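So you can see what is in the structure, the chains are spelled out below.
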Amino acid sequence: MENQEEETINLGRSLLVPSVQQLVRDEPSITKIPHRYVHQLDDHDSSFVSSDDPLTINPSVPVIDLHNLIENTSTYSSELNKLHTASEEWGFFQVINHGISESLLEDFRREILDFFGLSMEEKKHLWQEENSYEGFGQLFVVSEEQKLDWSDMFAITTLPRHLRKSQLFQKLPPLLRDKLEAYSAEVKKLAVAILGQMGKALGIKTEEMSELFEDGFQAMRMNYYPPCPQPELALGFSPHSDADALTILYQLNQTDGLQIRKDGKWVTIKPLPNALVVNIGDIMEIVSNGVYKSIEHRAMVNEHNERLSVATFYCSTMGTEVGPAQSLVAQHKVENFRRVPLEEYFKECFARKLDECIVEKVFSIISASLIS
Ligand code: OGA
Ligand code: NI
C-alpha cells in the first residue's frame, strides 16, 4: 500500500496535444477545422452503411438479453447461441437487462458531463503527465505530423485497486469518484459474467476462464466529442481495435457516432436506450484462438451535437501471459497465436499510431521478434 505510486501501471505515453473542447470554447463560431484534424478518408470510408439510407440493407448489431443468460431461463441455450454467433460474426453487440441500474447510469452520466464541463484551469491538474497514459489528453499520438482526432479523453486505471494512481483518484471531484467507483464494480461483474458465458459457448474449461479473468485489470476511457464544423473531414476516433479482452461502452447520449467495420463497410451502431455496447478485444480474440474477432471500429463526429461515451476495458491480470486457452488448443489441435506477456502486448500497441493497432499487425511484430 505504501508503494502505491511505484506500483501504478504504465502502458505507454502519448505526445501532449491541445484540447479540442477548449478549441471550440475559444472559437464557438469556428467554420474550418485546423489542418491537423483533416483526415484523408479513403474511398471505402465514404461507402459506409447508414441506417438512414433506404437503398442499403441495414444490418444491425445483435442485441443480447443478459437476463436470459444469467437467470438460466428456458431461452438460455438459444441466447448463448446468439452470443456465440454475435461474437464470431460481429465482434460487437448491445446488451440489455445487464443489471446495472438506470439510476447509477444516470448519476454517472451527470458527473461525467460536469467533469468535461470543468474549466481548463481546473482540468490542468488532471492532465496527462509525461510518461503516463492517465488523465485528460489523448492517446496514441506518436509524432508531431500525425493527424489528430476531434475529441478529448480522460483515461484512468480502475482495477485492481493497488494499481490505481492514487493522486489522480484523490483529485477527482468527490461525487464523480463515488459514481466511478460504483460503476467500476458493476461493470466488472458484468464483464466477468459475459466472459464466463463466452467461455461456455467456446468450450473453454470454467476454471481456465475464471483463472484468467476473475481478478482482471480494468481501465476506463471517457470520450468527449465536441460538435465539429466540418464533420466530413474529421474523425472523432480513428479506426482501431481494442487491445483488451472485453470492452463495455456506455454511450451517454443518443447521438450516433460509433461505427464498426463489417464485411468491408462501416456500419453505424444506433444507441438503444439503457443498453451497453460490448465488443471483443484483441486479448479475447487470442484467448478464443481466433474464433471470436476483435473488430475495427471508429467514432464519427457531427456538426450540431456533442457526444460522450465511457469505454471500460477489461482484461486478464497484469504480470501474466496471454495466449489461446489451453482447453481450446486441445480441441482445435492448432495454436493460432503465440503466448506473450500481457504488458509486452500492450506496450507494442501503445507505441504505435492508433490505426496500426490491429491485432494481426501487432502480433506479426511480436511473433517476428520472437522468432528471430
Ligand atoms: C474506445 C472507443 C468509441 C466511442 O474508447 O475504444 O472505441 O464511440 N470508443 O466512443
Ligand atoms: Ni475502441
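Residues numbered from 1 in each chain as written. Chains lettered and ligands numbered in written order. Predicted model: local features only at pLDDT ≥ 70, side-chain atom pairs only at ≥ 80, totals over all residues. Heavy atoms only, no water.

A. Looking closely at the sheet that holds strand E12 (residues 307-315). The strand order across the open sheet built from eight strands is E1-E2-E10-E7-E12-E5-E4-E3, with neighbouring strands paired in mixed fashion. Each edge of the open sheet is held by one strand with a lone partner, namely strand E1 (63-65) and strand E3 (135-137). Put simply, the sheet's adjacent strands are angled 25 degrees from each other on average, direction ignored. In terms of strand pairing, strand E7 (residues 246-251) meets strand E10 (residues 276-280) through four bridges, oriented antiparallel. When the sheet's bridge partners are listed, Leu246 is paired in E10 with Ile280. Packed onto the sheet, helix H5 (residues 76-90) meets E1, strand E2 (92-96) and E10 and runs at close to 150 degrees relative to E1. (Pairing = 2+ DSSP bridges. Helix = DSSP H or I, 4+ residues; strand = E, 2+ residues; numbered from the N terminus. Axes fitted to C-alpha atoms, helices over the stretch in contact; angles between N-to-C directions. Contact = heavy atoms within 4.5 Å.)

B. Just the packing of aromatic side chains, in detail. Tallying each qualifying case throughout the model produces 11 aromatic pairs. A ring pair is formed by Tyr37 and Trp150, whose centres lie 5.3 Å apart and whose planes are at 85 degrees; its orientation type is edge-to-face. Here Tyr37 is found in the loop between helix H2 (20-26) and helix H3 (43-46), whereas its partner Trp150 is found in the loop between E3 and strand E4 (152-159), with 113 residues between them in sequence. The exposure class of Tyr37 is buried, given its relative accessible area of 4%. Three or more aromatic residues joined by ring pairs form one cluster here, namely Phe115, Phe116, Trp127, Phe136, Phe154 and Tyr224. For Lys123, the ring lying beneath its charged end belongs to Phe136, and the centroid distance is 5.2 Å. (Phe/Tyr/Trp six-rings, centres within 6.5 Å; stacked < 30°, edge-to-face > 60°. Buried < 20%, exposed > 50% of the residue type's maximum accessible area, 1.4 Å probe, protein only. Lys NZ or Arg CZ within 6 Å of the ring centre and 35° of its normal.)

C. Here's a closer look at the site of ligand 1. As a matter of local geometry, ligand 1 sits amid 13 residues, with Tyr225, His240, His297, Arg307 and Ser309 nearest to it. Contacts to ligand 1 include His240, whose side-chain N or O atom sits 3.1 Å from an oxygen atom. Within the side chain of His297, one N or O atom sits 3.0 Å away from an oxygen atom of ligand 1. Isolated, ligand 1 exposes 290 Å² of accessible area, and the fraction of that covered by the protein chains is 97%. Among the secondary structure elements, those contributing two or more residues to the shell around ligand 1 are strand E5 (217-225), strand E6 (237-240) and E12. In terms of residue count, the dominant contributor to the shell around ligand 1 is E12 (four residues). (Near = heavy atom within 4 Å. Polar contact = N/O pair within 3.5 Å; in protein donor to acceptor, adjacent residues only side chain to side chain. Areas by Shrake-Rupley, 256 points an atom, 1.4 Å probe, with all protein chains shown as cover.)

D. How the structure looks around the nonpolar core. Within the largest apolar cluster, 78 residues are counted, with the highest numbers of intra-cluster contacts made by Phe108, Phe154, Met198, Met222 and Met284. With 10 residues, helix H9 (residues 174-202) is the single largest residue contributor to this core. Ignoring sequence-local partners within four residues, the contact set of Phe154 consists of Phe115, Phe116, Leu126, Gly135, Phe136, Leu168, Leu172, Met220, Arg221 and Met222. Among the nonpolar cores identified, the runner-up in size contains 14 residues, and Val17, Trp150, Ala234 and Phe237 belong to it. (Core = buried A, V, L, I, M, F, W, Y, C linked by side-chain atoms within 4.5 Å.)

E. Layout of the coordination of the nickel ion (ligand 2). For the nickel ion (ligand 2), every protein donor is listed as His240 (NE2), Asp242 (OD) and His297 (NE2), and the spread of their distances is 2.1 to 2.2 Å. We note that the donor set of the nickel ion (ligand 2) lies within a single chain, spaced as H-x1-D-x54-H. With His240 in strand E6 and His297 in strand E11 (residues 297-299), this pair connects stretches of sequence that are 57 residues apart. (Donors = N, O, S within 2.8 Å, 3.2 Å for Na, K, Ca; no water.)

F. View of the side chain of Ser151. Along the chain, Ser151 falls in the loop between E3 and E4. Engagement of the side chain of Ser151 in a polar contact is seen with the backbone oxygen of Gly236, the distance being 2.8 Å. Contacts of Ser151, omitting those with residues within four sequence positions, involve Val20, Gln138, Tyr224, Tyr225, Pro226 and Gly236.

G. Broad picture of the pairing of strand E9 (residues 265-268). One ladder, built from four bridges, connects strand E8 (residues 258-262) with E9; its direction is antiparallel. Pairing of Lys262 across the sheet is with Lys265, part of E9. The antiparallel hairpin formed by E8 and E9 contains two residues in its connecting segment, where Asp263 sits at a positive phi of about 50 degrees.

H. Layout of the environment of Cys228. Relative to the helices and strands, Cys228 resides in the loop between E5 and E6. Residues Cys228 and Asn302, spaced 74 residues apart in sequence, show a C-alpha to C-alpha distance of 5.7 Å.

I. Seen up close, the pattern of salt bridges. In total, this model carries 14 salt bridges according to the counting rule given. Close ionic contact of Arg161 with Glu181 constitutes a salt bridge, the shortest N to O distance being 3.2 Å. Pair noted here: Arg161 is in the loop between E4 and helix H8 (166-171) and Glu181 is in helix H9, with a separation of 20 residues, a long-range link. Look at Arg161 and you get partly exposed, because its relative accessible area is 48%. Using a relative accessible area of 26% as the deciding quantity, one classes Glu181 as partly exposed. (Salt bridge = Lys/Arg side-chain N within 4 Å of Asp/Glu carboxyl O.)

J. Fine view of the packing of H5 against H9. Across the interface, H5 lies against H9 with an axial gap of 10 Å and an inter-helix angle of 90 degrees. As summarised for this structure, H5 and H9 are arranged roughly perpendicular, according to the angle between their axes. Where H5 abuts H9, its residues Tyr76, Leu80, Leu83, His84 and Ser87 lie against Ile194, Gln197, Met198, Lys200, Ala201 and Leu202. (Parallel < 35°, antiparallel > 145°, perpendicular 65-115°, else oblique.)

K. Inspection of the sheet that holds E8 at higher detail. The strand order across the open sheet built from four strands is E6-E11-E8-E9, with neighbouring strands paired in antiparallel fashion. Two strands lie at the open edges of the sheet, namely E6 and E9, each paired on one side alone. Neighbour-to-neighbour, the strand axes of this sheet turn through a mean angle of 25 degrees, independent of strand direction. Across three bridges, E8 lies against E11 in antiparallel orientation. Note that in E11 the partner of Ile260 across the bridge is His297.

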